[in-house]
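Survey of secondary and tertiary structure
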Amino acid sequence: MFEEAQYFAPLRERADGTLAVELGRGHPGFADADYRARRDTLATLAAAWRPGMPVPTADYTDAEHAVWAAVSAALVPLHRSHACREFLEGKEILGLPHDHIPQLAEVSATLRPLTAFTYRPAAGLVPLDLFYGSLAERIFHSTQYVRHHSVPLYTPEPDVIHEVIGHGTTLAHPRFTALYELAGAAARRVSTPEALEFISKVFWFTLEFGVVWQGGELKAYGAGILSSPGETAEFRDIAIRPLDLVAMGTTSYDITAYQPLLYAAESFSHVEDVVGGFWATCTDASIADLTARSAAGLRTPA
Ligand code: TIH
Ligand code: FE2
């Protein structure tokens, strides 16, 4: 999940204590009463979670499992041809089921001996400082609902398919989790909203939507690309710029459409050096300095 404040459907508490998810008019499930009832049930379930409790079990319907199965099947050949090596290694290690949605608790149990990352249920909007800061403790806040069946190949908001097939695959690989933890430590270190926003935008253009050159081909490593068969099939056709911290940290983006612009690293270790190195050391002051350079039209050396 990412930049929650910008795209998470707001939640409203009803008099009986249950939650209503207020989907916008443009949401694919807006006019589907059954879908809205499912969203409300799963949000209410997640909101009842308290520290120390296991992640609640979402009793997915056959129709929801079928959406997962369709996306999972579509992604098999697309990942093989368009995902970076490290993502494919994570996919192999994690061994997700193709025919049904695994519970977040099950995926957490698989991740425990691998990288010790754990999922925590998110009813909806998770404040940025909580979402990013938790990564420092290897905690990943995750939605549990499934995208609407009418849009299996691309959904404008994160769902359990994005959280598990996109992020979970990377949370199984220590080279990725080192980056998540560094992003978390960076979020904990800074204190201004501007610095947190910069860190979150760098996260967006890397761990969510990053691409990398491998063997002369452009491959994706970002969870937001690789959970969408539609965007995975098309990201090579858009504008690609070289990795650039200042540009990534200051460029606005629309989460509800295919990205028009991506930043490509020269190798996975280039991501580790530039982005990991930035998160490892950034402070309010260093980020303010980078932002000032952007205003002055300068760029960081790659
Ligand atoms: N567009 C992604 C998908 O279809 O899987 C989900 C999202 C990731 C990040 C923002 S929305
Ligand atoms: Fe995400």
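Let me begin by describing the structure that accompanies this report. Keep in mind the model is a prediction, meaning the values are calculated, not measured. (Residues numbered from 1 in each chain as written. Chains lettered and ligands numbered in written order. Predicted model: local features only at pLDDT ≥ 70, side-chain atom pairs only at ≥ 80, totals over all residues. Heavy atoms only, no water.)

Along the protein, the regular secondary structure elements total 14 helices and 8 strands. At 18 Å, the protein has a C-alpha radius of gyration in line with the 19 Å of a compact globule built from 302 residues. Across its three principal directions, the C-alpha atoms of the protein cover 55 × 40 × 40 Å. Counting the 302 residues in the protein, one finds 54% classified as buried. Put simply, 66% of the contacts in the protein that link residues at least 6 apart link residues at least 24 apart. As presented, the protein carries roughly 12,400 Å² of accessible surface, and 56% of it is formed by carbon and sulfur atoms. Charge-centre separation for the protein: the mean point of 23 positive side chains lies 1 Å from the mean point of 36 negative side chains. (Helix = DSSP H or I, 4+ residues; strand = E, 2+ residues; numbered from the N terminus. Rg over C-alpha atoms; globule rule 2.2 N^0.38 Å. Buried < 20%, exposed > 50% of the residue type's maximum accessible area, 1.4 Å probe, protein only. Contact = heavy atoms within 4.5 Å. Areas by Shrake-Rupley, 256 points an atom, 1.4 Å probe, with all protein chains shown as cover. Lys, Arg positive; Asp, Glu negative; His and termini not counted. Charge placed at Lys NZ, Arg CZ, Asp CG, Glu CD.)

This part covers helix 5 (residues 104-111). For helix 5, the set of buried residues is Leu-104, Val-107, Ser-108 and Leu-111. Looking down the long axis of helix 5, one finds its buried residues gathered within 105° of arc, a one-sided arrangement. (Arc of directions from axis to C-beta.)

Before going further, it helps to spend a moment on the packing of helix 9 (residues 193-208) against helix 13 (residues 268-281). Helix 13 packs onto helix 9 with a crossing angle of 155° between their chain directions and a minimal axis gap of 11 Å. One way to sum up the angle between helix 9 and helix 13 is to call them roughly antiparallel. Classified by chirality, the crossing of helix 13 by helix 9 is left-handed. For the pair helix 9 and helix 13, the contacting residues are Phe-198, Ile-199, Val-202, Phe-203, Thr-206 and Leu-207 in the first and Val-275, Phe-278 and Trp-279 in the second. (Axes fitted to C-alpha atoms, helices over the stretch in contact; angles between N-to-C directions. Parallel < 35°, antiparallel > 145°, perpendicular 65-115°, else oblique. Left-handed = near helix turned anticlockwise from the far one by under 90°.)

As a matter of local geometry, ligand 1 sits amid 12 residues, with Arg-147, Tyr-154, Thr-155, His-162 and Ser-227 nearest to it. In this structure, an oxygen atom belonging to ligand 1 sits 2.8 Å away from a side-chain N or O atom of Arg-147. Interatomic distance of 2.6 Å between a side-chain N/O atom of Ser-227 and an oxygen atom of ligand 1. When its residues are assigned to classes, the shell around ligand 1 shows 5 nonpolar, 5 polar and 2 charged. (Near = heavy atom within 4 Å. Polar contact = N/O pair within 3.5 Å; in protein donor to acceptor, adjacent residues only side chain to side chain. Nonpolar A, V, L, I, M, F, W, Y, C, P; charged D, E, K, R; others polar.)

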